[in-house]
Amino acid sequence: FISLRANAAGARAPAAAVMTEEHLEISPSALSLEAIVARVRADAAGAISTFVGVTRDTFEGKKVSTLEYECYDAMALKTMRALCRLARLRWDGLLRIAIAHRVGVVGVGETSVIIAASSAHRADAIEAVGWIIDELKATVPIWKKETFEGGEVWKENDGTQRREPAPPPPPP
């Protein structure tokens, strides 16, 4: 399922729904951990792992007031979908994956990104979620502006955080 939720002005139109084992979402509205976890629940899942990224109150020792995210929607969703495919190549026990990212202004303490994955056993879900957030920050065309005491700065993707997945383990 791929979703773009529109803001009050209708800035983002909903994309066509595609039923897959992934839920990808870019939204100007608040994100719900419970809703994202519900997207990855499966009867065969013995584990659900999550990552929730929130706006912190400091940047290089300065008080942060907000973050503002912008993205190229079509490319962001395409890249998120590719990350899901790559994760499945490495962690074949993954059942469902969800990636949700806020756009627009995100205040201190508010959630900007949620990643969730389910698997039969915990290791696949835990490792995949860690890899996905690192790759998302390095490759997905989402940019953020940090507004803090005395200024603001736009940040690009940070390719230094990349952790290319190891090749899949050899068959037994």
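Residues numbered from 1 in each chain as written. Predicted model: local features only at pLDDT ≥ 70, side-chain atom pairs only at ≥ 80, totals over all residues. Heavy atoms only, no water.

**Some details on the confidence of the model for the protein**
Detailed reading of the predicted coordinates is not advisable wherever pLDDT falls low. Averaged over the protein, the pLDDT score is 84; the fraction of residues at 70 or greater is 79%. A low-confidence stretch, residues 5-11 stays under pLDDT 50, and its non-local contacts, those more than four residues away or across chains, total eleven contacts. In the predicted structure, residues 13-19 sits below a pLDDT of 50 and forms ten contacts with residues beyond four places in sequence or in another chain. (pLDDT = per-residue confidence, 0-100. Contact = heavy atoms within 4.5 Å.)

**Focus: the environment of Ile133**
Tracing the chain through its elements places Ile133 in helix α3 (residues 122-139). What makes Ile133 buried here is its relative accessible area of 9%. Sequence spacing of Ile133 and Val113 is 20 residues, and the spatial spacing of their C-alpha atoms is 8.9 Å. With sequence-adjacent residues up to four places away left out, Ile133 is seen in contact with Phe51, Val113 and Ile115. (Helix = DSSP H or I, 4+ residues; strand = E, 2+ residues; numbered from the N terminus. Buried < 20%, exposed > 50% of the residue type's maximum accessible area, 1.4 Å probe, protein only.)

**Notes on the environment of Arg81**
Position of Arg81 relative to the elements: it lies in helix α2 (residues 73-90). In this structure Arg81 comes out as partly exposed when scored by relative accessible area, which is 33%.

**Comments concerning the packing of aromatic side chains**
Using the criterion set out here, one finds two aromatic pairs in the structure. Ring plane angle 40 degrees and centroid distance 5.1 Å describe the contact between Phe59 and Phe148, whose orientation is recorded as tilted. On the criterion of sequence distance, the pair formed by Phe59 in strand β4 (residues 58-59) and Phe148 in strand β9 (residues 142-148) is long-range, its members being 89 residues apart. For the ring pair Trp91 and Trp131, a centre distance of 6.0 Å and an interplane angle of 55 degrees mean the geometry is tilted. Of this pair, Trp91 sits in the loop between α2 and β6 (94-102) while Trp131 sits in helix α3, and the two are 40 residues apart along the sequence. Each member of the pair Trp91 and Trp131 is classed as buried. (Phe/Tyr/Trp six-rings, centres within 6.5 Å; stacked < 30°, edge-to-face > 60°.)

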